[in-house]
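Here is how the chains run, residue by residue.
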Amino acid sequence: MYSARTHYQGLYTGKWEIGIMPYDGIDFSRACYMFSGQGSSIPGMFHSAYRQIDVIRRRFDEADDLALSVDLPPPSLYLTNSQVIPNKHLDITRNLATYTVQVALFDHLLTCRTPPVLLTGSSQGEYAALVCSGAIDFATMFEVNIARHKICGQPNSLGYLMAVAASPTSITDMLSAYDIYISIVNCPERSVIAIPSD
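First, a word on what this report is: a plain description of the structure on this page. (Residues numbered from 1 in each chain as written. Predicted model: local features only at pLDDT ≥ 70, side-chain atom pairs only at ≥ 80, totals over all residues. Heavy atoms only, no water.)

Before going further, it helps to examine the environment of V131. With respect to the secondary-structure elements, V131 resides in helix α6 (residues 125-133). Residues V131 and V103 lie 28 residues apart in sequence; the distance between their C-alpha atoms is 7.3 Å. Not counting residues up to four positions away in its chain, the partners in contact with V131 are Y99, V103, I136, D137, F138 and M141. (Helix = DSSP H or I, 4+ residues; strand = E, 2+ residues; numbered from the N terminus. Contact = heavy atoms within 4.5 Å.)

Structure representation (structure tokens):
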């Protein structure tokens, strides 16, 4: 065993020996890929990967063609120059860029890593997980993303969602006088509440 105490004199005080040794426990090489929801995106995300990795750029070329065919801005603009996206198209372009980058990163990882044994997603990330699993093709799910955007309407027109570090019971006890609803229970002490727009 490599002992941190032996090589870093003066940094170790306490009753445990800190060391590094080869791992011989559970095999974690069978990976699970988690695709995040739409709240994970920011303008300019993965710009360097887009510039440097051909497979990612090719996926965005496909997405850009699909978007332009229905008079939407190319999703690659969200990575390269988001300021030129008209405000009325910013939300859908962001969502299409998030979906595309997730599938593109999966494409790239397949070129250099063992495929995962499990794919899962949160919210919009489920769309990328379905495509990457082979359940549906990229172009069809691209159309589903656009349809979802049209059905949902303008952001916050129906209200807001807020993550709260509390149990559903605590939330109900504290906020029962208000017009709020528990929408999601992530775990016993993490919930999401829905608040009307008015």
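This part takes up the sheet that holds strand β5 (residues 160-164). One open sheet accounts for three strands, arranged β5-β7-β6; its pairing is antiparallel. Each having just a single partner strand, β5 and β6 (181-187) make up the two edges of the open sheet. Taking the axes of each pair of neighbouring strands and ignoring which way they run, one obtains an average angle of 20° across the sheet. Bridge count between β6 and strand β7 (residues 190-195): five bridges; the pairing is antiparallel. Its bridge partner being in β7, C187 is matched across the sheet by R190. (Pairing = 2+ DSSP bridges. Axes fitted to C-alpha atoms, helices over the stretch in contact; angles between N-to-C directions.)

Between its terminal C-alpha atoms helix α3 (residues 54-68) stretches 21 Å, which fits the 21 Å expected from 15 residues at 1.5 Å a residue. Among the residues of α3, those classed as buried are V55, I56, R59, F60, A63, D64 and A67. (Expected span 1.5 Å × (residues − 1). Buried < 20%, exposed > 50% of the residue type's maximum accessible area, 1.4 Å probe, protein only.)

With that out of the way, let us pick up the packing of α3 against helix α5 (residues 87-112). Relative to each other, α3 and α5 sit at 145°, their axes nearing to 8 Å. Once α3 is placed against α5, the crossing between them reads as right-handed. Together, V55, I56, R59, F60 and A63 of α3 and A97, T100, V101, V103, A104, L105, D107 and H108 of α5 make up the contact between the two elements. The residue makeup of the contact of α3 with α5, split by class, is nine nonpolar, two polar and two charged. (Left-handed = near helix turned anticlockwise from the far one by under 90°. Nonpolar A, V, L, I, M, F, W, Y, C, P; charged D, E, K, R; others polar.)

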